[in-house]
Amino acid sequence: MISYNSENVKMPKIRKRDTSAWIKQVAASYGRKIGEVGYMFVDDEKILEVNNEYLGHDYYTDIITFDYDEDDIINGDLVISLDTVKSNAELFGKTYEEELFRVIIHGILHLCGINDKGPGEREIMEAAENKALEMAKSVNLLAK
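What counts, and at which threshold
Residues numbered from 1 in each chain as written. Predicted model: local features only at pLDDT ≥ 70, side-chain atom pairs only at ≥ 80, totals over all residues. Heavy atoms only, no water. Phe/Tyr/Trp six-rings, centres within 6.5 Å; stacked < 30°, edge-to-face > 60°. Helix = DSSP H or I, 4+ residues; strand = E, 2+ residues; numbered from the N terminus. Buried < 20%, exposed > 50% of the residue type's maximum accessible area, 1.4 Å probe, protein only. Salt bridge = Lys/Arg side-chain N within 4 Å of Asp/Glu carboxyl O.

Asks: So what exactly am I meant to see when it comes to the packing of aromatic side chains here?
Replies: The relation between two aromatic rings is expressed through the spacing of the ring centres and the mutual angle of the planes. Here the structure, examined in full by the defined rule, presents four aromatic pairs. Ring centres 5.5 Å apart and planes at 65° place the aromatic pair Trp22 and Phe101 in the edge-to-face group. Highlighted residues: Trp22 in helix 1 (residues 16-28) and Phe101 in helix 4 (residues 96-111), separated in sequence by 79 residues. Exposure class is identical for Trp22 and Phe101. Each is buried. With 5.5 Å between their ring centres and 80° between their planes, Tyr54 and Phe66 make a pair best called edge-to-face.

Written as structure tokens, this is what we have:
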């Protein structure tokens, strides 16, 4: 089950049923199934608080992924700062919607075992994100 909640921000306008189906499709392409996945959309101040409290980091980020996977079942909590999503969309010349879906799937890709911190890993993550975004376009979640 995939749940969507918000704290201190308005819930983004996403079609939850279609978005959940897309997330399951992406996970399945990596041989994984969705167990319990919770999205929490927050503002920059809340993500900074979470980053400090749980990771000891004193900086803003677009997403923090908490991994509770069991074997091939994806379980986790994903905290997304909509403030950072918006500023990154402007920075990278993307639409807010495209950047939001990139971040939504970024956390799932982490839960599928894809990392982005080591040498060459960022390129692998970006390729996986781009493939997933193409899947989102094919089911009309994103404009083509």
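Asks: Even after reading the chapter, I still don't get unusual backbone geometry, so can you show me in this structure?
Replies: Within the chain, Asp71 stands out as a residue other than glycine whose phi angle is a positive 55°. Along the chain, Asp71 falls in the loop between strand 3 (63-67) and strand 4 (73-81). A positive phi angle, close to 65°, is found at Asn140, a residue other than glycine. Residue position: Asn140 is located in the segment after helix 5 (121-138).

Asks: What exactly am I supposed to notice about the pattern of salt bridges here?
Replies: If you walk through the whole model with that rule in mind, you get 12 salt bridges. One salt bridge in this structure joins Arg15 and Asp18, with 2.7 Å as the shortest N-O distance. The exposure class of Arg15 is partly exposed, given its relative accessible area of 41%. Of the residues examined, Asp18 reaches a relative accessible area of 33% and is grouped as partly exposed. The salt bridge partner of Glu126 is Arg122, with a shortest N-O separation of 3.2 Å. Separated by four residues within a single helix, Glu126 and Arg122 lie in helix 5, roughly one turn from each other. With relative accessibility at 36%, the residue Glu126 sits in the partly exposed group. Connected through salt bridges with shared partners, the residues Asp62, Glu99, Arg102, Asp116, Arg122, Glu126 and Glu129 form a single ionic network.

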